[in-house]
Amino acid sequence: MAKLRFFLLDITYKVIDGVPFVYLFGRGLDNKQLCVVDDTFRPYFWIVPNNIEEVKKELDRLKENNSIIEYQISNKNYLGEETEAIKVFTNQPKDVPSVRNELKNLDSVKSINEYDIHYINRYLIDKNITPLGLLEAEGDFIESRIKVPVFKAETISKFSEDTFNNLNILAFDIETYNPYGKYLAPEQNPVIMLSFYGKSTANAKHQPGVSPKPFEKVITWKKFKTSNKKIEFVEGEAELIQKFIDTIDMFKPDILVGYFSDGFDLPYIKKRAEKYKLDLNIGLDNSGIEVLKTKTKLTGIVHVDIFKFILKVIGRSFDTESYSLNSVARELLGEGKQDVDIEKLADVWDNKLEDLEKYCDYNLQDSYLTYEICQKMLPNLIELVKMIGLPMFDI
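The rules we used
- Starting afresh in each chain, residues are numbered from 1 along the sequence in its written order.
- In keeping with the predicted nature of the model, local features appear solely for residues at pLDDT of at least 70, side-chain atom pairs appear and are counted solely at 80 or more, and the whole-chain, interface and lining totals rest on all residues.
- Calculation of side-chain values draws on the structure's entire complement of heavy atoms; hydrogens and water are dropped beforehand.
- Per the convention used, a helix needs a DSSP run of H or I reaching at least four residues, while a strand needs a run of E reaching at least two, with both numbered from the N terminus.
- With a 1.4 Å probe rolled over the protein chains alone, any residue whose accessible area is under 20% of its type maximum counts as buried; one over 50% counts as exposed, and the rest are partly exposed.
- By the convention used here, residues are in contact when the closest approach between their heavy atoms is within 4.5 Å.
- Values of accessible area rely on a 1.4 Å probe in the Shrake-Rupley scheme; residue burial ignores everything except the protein chains shown.
- Neither His nor the chain ends is counted toward charge; the positive residues are Lys and Arg and the negative residues Asp and Glu.
- Every charge is mapped to an atom, namely NZ of Lys, CZ of Arg, CG of Asp or CD of Glu.
- For helices, the fitted axis covers only the stretch in contact; all axes are lines through C-alpha atoms, and the angles between them, taken along N-to-C directions, range from 0 to 180 degrees.
- By the definition adopted for this analysis, an angle is roughly parallel if under 35 degrees, roughly antiparallel if over 145, roughly perpendicular if from 65 to 115, and oblique otherwise.
- Note: crossing handedness is left-handed where the near helix turns anticlockwise from the far helix by less than a right angle, and right-handed where it turns clockwise.
- Think of it this way: DSSP has to see at least two bridges between two strands before they count as a pair.
- Here is the rule: rings of Phe, Tyr and Trp (six-membered ring for Trp) pair when centre to centre is within 6.5 Å. Planes less than 30 degrees apart are stacked, more than 60 are edge-to-face, and the remainder are tilted.
- Either the NZ atom of lysine or the CZ atom of arginine qualifies as a charge over a ring when it sits within 6 Å of the ring centre and within 35 degrees of the ring normal.
- One speaks of a salt bridge when a side-chain nitrogen belonging to Lys or Arg is within 4 Å of a carboxyl oxygen belonging to Asp or Glu.
- When residue character is reported, Ala, Val, Leu, Ile, Met, Phe, Trp, Tyr, Cys and Pro are called nonpolar, Asp, Glu, Lys and Arg charged, and the others, Gly included, polar.

**Q** Tell me what's going on with the overall build of the protein, and back it up with residues and numbers.
**A** Along the backbone of the protein there are 9 helices and 17 strands. Taken along the three principal axes of its C-alpha coordinates, the protein extends 80 × 45 × 45 Å. Here the protein, with 395 residues, has 51% of them falling under the buried criterion. When contacts within the protein are restricted to residue pairs at least 6 apart in sequence, those whose partners lie at least 24 apart make up 65%. In the structure as shown, the protein presents an accessible area of about 19,500 Å², 46% of it carried by carbon and sulfur atoms. For the protein, the distance from the average site of its 52 positive side-chain charges to the average site of its 62 negative ones is 2 Å.

**Q** Could you give me a rundown of the packing of helix H1 (residues 52-64) against helix H2 (residues 95-103), with the residues and numbers involved?
**A** Contact geometry for H1 and H2: axes closest at 12 Å, N-to-C directions at 140°. By the criterion of interaxial angle, the relationship of H1 to H2 is oblique. The chirality of how H1 crosses H2 is right-handed. Across the interface between the two elements, Glu58, Leu59, Arg61 and Leu62 of H1 pack against Val99, Glu102 and Leu103 of H2.

**Q** Break down the pairing of strand E8 (residues 133-142) for me, with residues and values.
**A** With 6 bridges joining them, strand E1 (residues 2-16) and E8 adopt antiparallel strand pairing. Looking at E8, one finds that Lys3 is bridged to Glu138. With 9 bridges connecting them, E8 and strand E9 (residues 150-163) associate as antiparallel partners. By the bridge assignment for E9, Glu136 is matched with Ser157.

**Q** So what's going on with the packing of aromatic side chains? Which residues, and what values?
**A** All told, the structure shown has 17 aromatic pairs when counted by the stated rule. Within the aromatic cluster, the residues linked to one another by ring pairs are Tyr13, Phe41, Tyr119 and Tyr123. Stacked on the ring of Tyr115, the Lys or Arg Arg100 has its end atom at 4.0 Å from the ring centre.

**Q** Describe the pairing of strand E10 (residues 169-176), listing the residues and the values that go with them.
**A** Most of E10 sits inside the fold, with 8 of its 8 residues counted as buried. Covered by surrounding structure in E10 are Ile169, Ala171, Asp173 and Glu175 together with Leu170, Phe172, Ile174 and Thr176, the residues of both alternating faces. Here E10 pairs with strand E14 (residues 255-258) via 3 bridges, running parallel. Bridge pairing links Ile169 to Ile255 in E14. With 7 bridges joining them, E10 and strand E11 (residues 191-198) adopt antiparallel strand pairing. Note that in E11 the partner of Phe172 across the bridge is Phe196.

**Q** Account for the pattern of salt bridges, naming residues and giving values.
**A** Across all of its chains, the model carries 23 salt bridges by this definition. Taking the shortest distance from any N to any O, the salt bridge between Glu102 and Arg61 comes out at 3.4 Å. Taken together, the residues Glu102 in helix H2 and Arg61 in helix H1 connect sequence positions 41 residues apart. Taking relative accessible area as the criterion, Glu102 reaches 41% and is therefore assigned partly exposed. Residue classification places Arg61 among the partly exposed residues on the basis of a relative accessible area of 34%. Linked by salt bridges that have partners in common, Glu58, Arg61 and Glu102 make up one network.

**Q** Give a description of the environment of Tyr23 that names residues and reports values.
**A** Residue placement: Tyr23 occurs in strand E2 (residues 19-28). As for Tyr23 and Lys217, which are separated by 194 residues in sequence, their C-alpha atoms are 32 Å apart. Setting aside residues up to four positions removed in sequence, Tyr23 forms contacts with Asp10, Ile11, Thr12, Tyr13, Lys14, Ile16, Cys35, Val36, Val37 and Ile146.

**Q** Any details on the sheet that holds strand E6 (residues 81-90)? Residues and values, ideally.
**A** With respect to topology, 4 strands assemble into an open sheet ordered E5-E6-E4-E7, the strand pairing being antiparallel. Unpaired on one side and paired on the other, strand E5 (68-78) and strand E7 (109-113) mark the two borders of the sheet. On average, each strand axis in the sheet is inclined to that of its neighbour by 25°, with strand direction left out of account. Pairing analysis gives 4 bridges linking strand E4 (residues 44-49) to E7, with the strands arranged antiparallel. Looking across to E7, one finds that Pro49 is bridged to Val109.

**Q** Break down the sheet that holds E9 for me, with residues and values.
**A** Read around the barrel, 5 strands follow the order E1-E2-E3-E9-E8 and close on themselves; strand pairing throughout is mixed. Taking the axes of each pair of neighbouring strands and ignoring which way they run, one obtains an average angle of 45° across the sheet. Taken together, the 6 bridges between E2 and strand E3 (residues 33-38) define a ladder with antiparallel strand orientation. Considered in E3, the bridge of Arg27 is made with Gln33.

**Q** Report on the packing of helix H6 (residues 306-314) against helix H9 (residues 356-388), specifying residues and quantitative values.
**A** Between H6 and H9, whose axes approach to 10 Å, the crossing angle comes to 50°. Classed by the angle they form, the pair H6 and H9 counts as oblique. For the pair H6 and H9, the crossing hand works out as left-handed. Counted together, Ile306, Phe309, Ile310, Val313 and Ile314 of H6 and Thr370, Ile373, Cys374, Met377, Asn380, Leu381 and Leu384 of H9 form the full contact between these two elements. Per-class residue counts for the contact of H6 with H9 are 10 nonpolar, 2 polar and no charged.

Structure (C-alpha cells):
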C-alpha cells in the first residue's frame, strides 16, 4: 500500500452500485492533477430516545428491510445532560431524510439530530479536513476513465496546516450575436467570440519566482485580416465550443473564473453545445456543466463567478454603486473595459468586418479584467475557505 500527499481543491460524491464514493480532486506535491477516491464513509444521523428499547426494535426492523446498515449506542452530552444516543448509518445519503421521516413521529424518539448536514460537509467535518489543505492518503492507484490519475484510498487524513496557494486560474468571457441589444436568446443566437486569459502555474516552464507568460487568446469564426496572433479563427460556432473544451483540457485550471458566468456565460455555452450535440465534458470526471438554480458547477475544477463574490461579500465596501465589470475593475484595478458600443456588435459582425478586431480586443480585455479581479480577491477567498471549512465553490 502506497502513501500519497496532495492538496484538496474540489470534492464531490457519486453513488455507484448503492455505495457512496467520495471524490477528492487536487494536486500532488509534483503539482499534477489527481483524484483520490474513498468509499469507506457511510452517511449517518443521531437519535436521542425517550425509550431506547423501543427505538432499537424499530431500528432492527429497518435493518432487516435494508433501510439502514447498522446502529451504535453511545453516551453523548445532549443539552447539558449525559444521555444514551443512537448513531444510525444508512446506505446512501438520500436514505437519511427518508429514514428520519419514518422515525420522527414515534413516541419513543425524543429528537433526531444532524440529519440535515450535507454528506460532503459531514465527511470534511468528521475527517477534520479543510479544502486547500495538505492531506495524506494510503492506498493504491487504480485504472479509471477519469481524465486524471485516480488513487483508491483506504485511509485519508489531514497531514499538515499547509495551504495550497499556487492556484492555476483561467478566466474566460464570451460575446454573442445580439441583434436585439441586451435581449438574450441562446436558443437562436450563437456565441461569436470566446476569450481566455491566464498565467499557467501548472504547465508553464519558467524560473521559480518569475511570473509565467500570460496565456491570451480570442477565438472567433468570422475571418478578417489581422496581424494579431492572439486571435484564432475557426470554421464555425461548433468548432469554437470545441475549442472551449480543448483549451480547458490543455490549460488544466484549478479555477475557471468568469464575471456573471453563473447567470450568462456557462449556461449560454451549454445551451449552444446542446444545439450541436457536443459533449461538453470539461469536468475532470468527463462530466459536463451542471446548471443549478443559482449556480453553475463543474467537477474537479472550481467554477468561480467573481461577480457573485463581489456582490455578496466585498461590494458593500466599494465606493461605486454599480457592480458592472467596468465599475468594479476601475475601483479595484484602476483600469476598465475597452471603449466600444457592444450593442452594435451584431451589425459589425454582419456588415463591417474591418471593425471586428476591436471587438476581439474588447472580449479579451474582459477576460483579463476578470482574471485580475479574481487574483485580487483570491486571498479573501482562501481565508474564507480556511475559516469556514467549505470548498471554494460553496464559499
